[in-house]
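# Overview (structure and organization)
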Amino acid sequence: MEETRIGVFVCRCGTNIGGFLDVPALVDYVKGLPFVVFSQENMYTCSETGLTEIKSAIVEKRLNRVVVASCTPRTHEPLFRSVCKEAGLNPYLFEFVNIRDQCSWVHMQEPEAATEKAKDLIRMGVARAKLLEPQEEIEVGVIPSALVIGGGIAGMTCALSLGDRGFEVILVEREKELGGHLKNLHKLFPIQEDASKLIERKRMDIAKNRNIEVLTSAKVEGINGFFGNFDGTVKQKGKDIPFKAGVIIVATGAEEFKPIGMYGYDGVKVVTQLELERILSEDRLSVKNIVMIQCVGARNEERNYCSKVCCMTALKNAMRILEENPESQIFILYRDMQTYGTFNEDFYRKAREKGVIFVKYSLQKPPVVNKRLVRVFDEFLGEELHLPYDLIVLSTPMIAHPDSDELAKMLKVPIDEYGFFLEAHVKLKPLDFATDGVYLCGSAHWPSTVSESIAQAYGAASRASIPLSRRHVITEPIIAAVDEEKCIGCGLCEIICPFKSIRIEESPNGRIANTIVASCKGCGVCGAACPQKAITMNHFTDEQMLAEVVALTTER
Amino acid sequence: MSQQDGFDPKILGFLCNWCSYAGADLAGVSRFQYPTNLRVIRVMCSGRVDPTLVLEAFIRGIDGVMVLGCHPGECHYILGNYYAEGRMKTLQRFLEIIGVKPERLLLDWVSASEGERFANLVSDFTKKIVKIGTLSTDISKDEFQKRLLAAKEAFSQHRTRWLINRERELLVEGNVFGERVDQDDFNKIKFESVVKDYEKNRILFAIRDKALSVTEIAQTSTLTPQEVLRHLIIMEQNGLVTVSEIDGVKPMYKKMRG
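Keep in mind the model is a prediction, meaning the values are calculated, not measured.

### Some remarks on the pairing of strand β26 (residues 472-475) of chain A
All names here are of chain A. Alternating positions in β26 separate cleanly, Val-473 and Thr-475 being buried on one face and His-472 and Ile-474 remaining unburied on the opposite face. As paired elements, strand β5 (residues 138-141) and β26 share four bridges and run antiparallel to each other. Bridge assignment links Gly-141 to a residue of β26, and that residue is His-472.

Right, dumping it as structure tokens:
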């Protein structure tokens, strides 16, 4: 076996690390650690100079393990891995030690203790590095077609964008026709365009696009497979239609919260904004005094979020009413106005100019509705107002579809406490799920405006088209590997795997667990459960983790 | 170092890549300060943490272990944190059974945006460990080693691992008949299993190198002679132990090799 030759690079990160930790002492300390043949400090390891130094050390010192002690693997591991790769070293023989975000920055008053901590951390990293093994990236083929679930504005836009790029798309809509939530809207803010026109345009474009197959009154019943190779069935009018797709886009939208039992809601004299839209589109509004109440059923204990589209909806409808009938008197009772964005702020100002009266109330003192009056405590005036009304409009939040949970389980993607789908990372992967090959757009993610839904739909289509056009994907080799000698086929791993990525299969040696390479995400739930210790989690093996514990508890 | 009574505990944290490790990074970016005692091992998911590794850390002299995952429902791997919860809660309760303060093991959730919460958790946990003192304040060092080694074996056994890892499924989704199992009933079965596996391993450790009588085994393993005898009968049937000689009227038991 080849001798282990570890090189350690300690980064000063300017003064971020160097200003608090004794970096020369760390470099000196590292020299005494087993298998370390080279160590040095860098002003910035991630700079061109630092990276070149790593590369030349790999070649000149014949390093076969590289340890960098610096910021955090979450931002810089990919960079250092690729440098190792360039120098001919397998990128999985690189180990990161976090001595900035989790050391120098959080112990700024205790430089000595922090330096001792950094020594421990590097010692642990070196011990782990010794046991690292090269991993080969895994390549999987991709079926060049997409399944788009949900035919609202987000789903339609996304399907069109993918169809235009030449990919086959199956667009599944649960209702009789495409359009989703948009069908219930009258005008769109802030431009006061007819919602129906927008739907019509999208529907026509879809009808003309040969790549898009539309299945209405249909529901996805089952999804199997994994990134690049999904399959399953869509149920349409009692018929099972099988599908195959390389990627899946979730665009299932959201629905309006019905404020049953709140503020005398009856759908006639007290209605929701959506019901008002219908009245407006049918031209049957004939009242003068209108009171709108914001945040009904939102930003409270039960539903502690801002639905963020209702303020603009209220403004839009108020302006529409004033346009038709300038004599109307409109009060908007709000807690905070959410009208971010250039056009929207202008819209808010215009509404004030036109005479819409805004009254701020608090969660502790909500308005009270009786037969003739709305009584509300104005937070700014510090007194109670009595507002006569002909119509009360309640602005209620968008809520997740009750069956989002079912779909989430089918796709093996997470939803949040309110039932909205949860993206992989707020900033780094806002339109991707943690499950590769599944993407997200529109209000299924979070209540969003029509413009936001469209923007997200283009984004999701663009994300999805990367693997579709490449025709193959590379997946991280951090997955479970089964030792056939040790496995007794008990099946615990198969039962508990959150991704159904490990299966018991018959083999010449009997029943043995088998990892489905393309869908295993490498969480390690099976590895920590296997009674036979037959499962090795690549790159996070029992031995590697134990080595860190041993190194930590063995003082040097 | 900075602790008043000179006790500077060793604290180990298992942090999941997606939430708690990111939260720990954010604590740094935001410059929230906390004590220097924590050393972190990054794992992809809190569901990767094997209870036997936590026990190994205690055996090797770590004073406190933190296992931090994503908040319930926010796991990057959907259910990993629920498995972590099931395992760590079982382990906490079991530590208590064998006389180790369960507070030495902390299970909690930190999201990627909770830098301050992370710093506070570490500060509070460190303070707590300083207050409860070294491991040897719980039980004597020798006895402590014996107990933890047997506990580690117990948490490696098939029956115990099946029970711990199927808990969520049986309680939430139900068994093959669609019946949901009652939490109290399940706990009873689960802890009986762990305790039995533990006692069995205490006995095996005691007679690993030399043959002992029932009374002697009872003394070194802190079990009652009745308990020891009950286990020995079953273990003898299963070929784990054998009577190597009879000292007068006392049978002397020894661990079978292999």
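Back to the text.
### Remarks on helix α7 (residues 195-208) of chain A
Residues and elements named next belong to chain A. Compared with an ideal rise of 1.5 Å per residue, which puts 14 residues at 20 Å, α7 spans 20 Å between its outermost C-alpha atoms and is within 8% of the ideal. Taken together, the buried positions of α7 are Ala-195, Leu-198, Ile-199, Lys-202 and Ile-206. Axial view of α7: buried residues confined to an arc of 95°, hence all on one face. Facing away from the buried side of α7 by over 90 degrees, the exposed positions are Lys-197, Ala-207 and Lys-208. On its buried face, α7 sits against α6 (153-164), β7 (168-172), β8 (187-188), β9 (193-194), β10 (212-215) and α12 (450-470).

### Some details on the nonpolar core
Within the largest apolar cluster, 83 residues are counted, with the highest numbers of intra-cluster contacts made by Val66(A), Ile99(A), Ile122(A) and Phe14(B). For this core, the leading source of residues is helix α5 (residues 111-131) of chain A, giving seven residues. Discounting chain neighbours no more than four positions away, the residues touching Phe14(B) are Met545(A), Ile41(B), Val43(B), Val49(B), Leu53(B), Val54(B), Val65(B), Met66(B), Val67(B) and Leu68(B). In terms of nonpolar packing, the next biggest core, distinct from the first, is built from 71 residues, Tyr92(A), Ile153(A), Ala251(A) and Met537(A) among them.

### Some remarks on a nonpolar patch on the surface
Residues and elements named next belong to chain B. On the surface, Leu-229, Ile-233 and Ile-234 cluster together to form a nonpolar patch covering roughly 250 Å² of accessible area. Within the fold, Leu-229 resides in helix α9 (residues 225-237). Looking at Leu-229, the relative accessible area reads 38%, which means it is partly exposed.

### Looking at the packing of helix α14 (residues 542-553) of chain A against helix α2 (residues 51-59) of chain B
Interaxial distance between α14(A) and α2(B) falls to 10 Å at its minimum, and their mutual angle equals 20°. Classified by the interaxial angle, the pair formed by α14(A) and α2(B) is roughly parallel. Seen from above, α14(A) lies across α2(B) with right-handed handedness. The segment α14(A) lies against α2(B), with Met545(A), Leu546(A) and Val549(A) engaging Leu53(B), Glu56(B) and Ala57(B). Across the contact of α14(A) with α2(B), the residue classes break down as five nonpolar, no polar and one charged.

### Digging into the packing of aromatic side chains
Going through the model one piece at a time under the given rule, you end up with 15 aromatic pairs over all chains. For the ring pair Phe94(B) and Tyr198(B), a centre distance of 5.4 Å and an interplane angle of 75° mean the geometry is edge-to-face. Here Phe94(B) is found in helix α3 (residues 80-97), whereas its partner Tyr198(B) is found in helix α7 (residues 183-206), with 104 residues between them in sequence. Among the residues examined, Phe94(B) registers a relative accessible area of 0% and is labelled buried. In this structure Tyr198(B) comes out as buried when scored by relative accessible area, which is 8%. Linked through ring pairs, Tyr305(A), Tyr418(A), Phe420(A) and Trp446(A) together constitute an aromatic cluster. A cation over a ring is seen here: Lys130(A) above Phe35(A), with NZ or CZ 4.7 Å from the ring centre. It is Arg31(B) that lies over the ring of Trp105(A); its NZ or CZ is 3.8 Å from the centre.

Reading the values: rules and limits
Numbering of residues starts from 1 in each chain and follows the order in which that chain's sequence is written. Written order decides the labels, with chains lettered from A and ligands numbered from 1. Per-residue local features are limited, in this predicted model, to residues with pLDDT of at least 70; the limit for side-chain atom pairs, both in listing and counting, is 80 or more; totals at the level of whole chains, interfaces and linings are taken over all residues. No hydrogens and no water enter the side-chain calculation; it runs on all heavy atoms of the structure. Throughout this description, buried means an accessible area under 20% of the type-specific maximum (1.4 Å probe, protein chains only), exposed means over 50%, and partly exposed covers the range between. For the purposes of this entry, the term helix denotes a DSSP run of H or I that reaches at least four residues, the term strand denotes a run of E that reaches at least two, and both are numbered from the N terminus. We call two strands paired when DSSP finds no fewer than two bridges between them. To estimate the expected span of a helix, subtract one from its residue number and multiply by 1.5 Å. Our arc is simply the arc of the directions from the helix axis toward the C-beta atoms. By the convention used here, residues are in contact when the closest approach between their heavy atoms is within 4.5 Å. We define the nonpolar core as a collection of buried residues of types Ala, Val, Leu, Ile, Met, Phe, Trp, Tyr and Cys that are connected through side-chain atoms lying within 4.5 Å of one another. Only residues whose relative accessible area exceeds 30% and that take part in no salt bridge are eligible for patches, with like-charged residues grouped when within 9 Å of each other and nonpolar side chains (Val, Leu, Ile, Met, Phe, Trp, Tyr) grouped when within 5 Å. To measure how exposed things are, a 1.4 Å probe is used in the Shrake-Rupley method; for residues, cover is taken only from the protein chains shown. Within this document, salt bridges are pairs made up of a side-chain nitrogen of Lys or Arg and a carboxyl oxygen of Asp or Glu, the two lying within 4 Å of each other. Axes here mean lines fitted to C-alpha atoms, for a helix over just the part in contact, with angles spanning 0 to 180 degrees between N-to-C directions. We call two directions roughly parallel when the angle between them is under 35 degrees, roughly antiparallel when it is over 145, roughly perpendicular when it lies between 65 and 115, and oblique otherwise. In this scheme, a crossing is called left-handed if the near helix is turned counterclockwise away from the far one by less than a right angle; it is called right-handed if the turn is clockwise. Under this grouping Gly is polar, as are all residues other than the nonpolar Ala, Val, Leu, Ile, Met, Phe, Trp, Tyr, Cys and Pro and the charged Asp, Glu, Lys and Arg. Within 6.5 Å between ring centres, the rings of Phe, Tyr and Trp (the latter by its six-membered ring) count as paired, and their orientation is classed by plane angle as stacked under 30 degrees, edge-to-face over 60, tilted in between. Here, a charge over a ring is recorded when the distance from Lys NZ or Arg CZ to the ring centre is within 6 Å and its angle to the ring normal is within 35 degrees.

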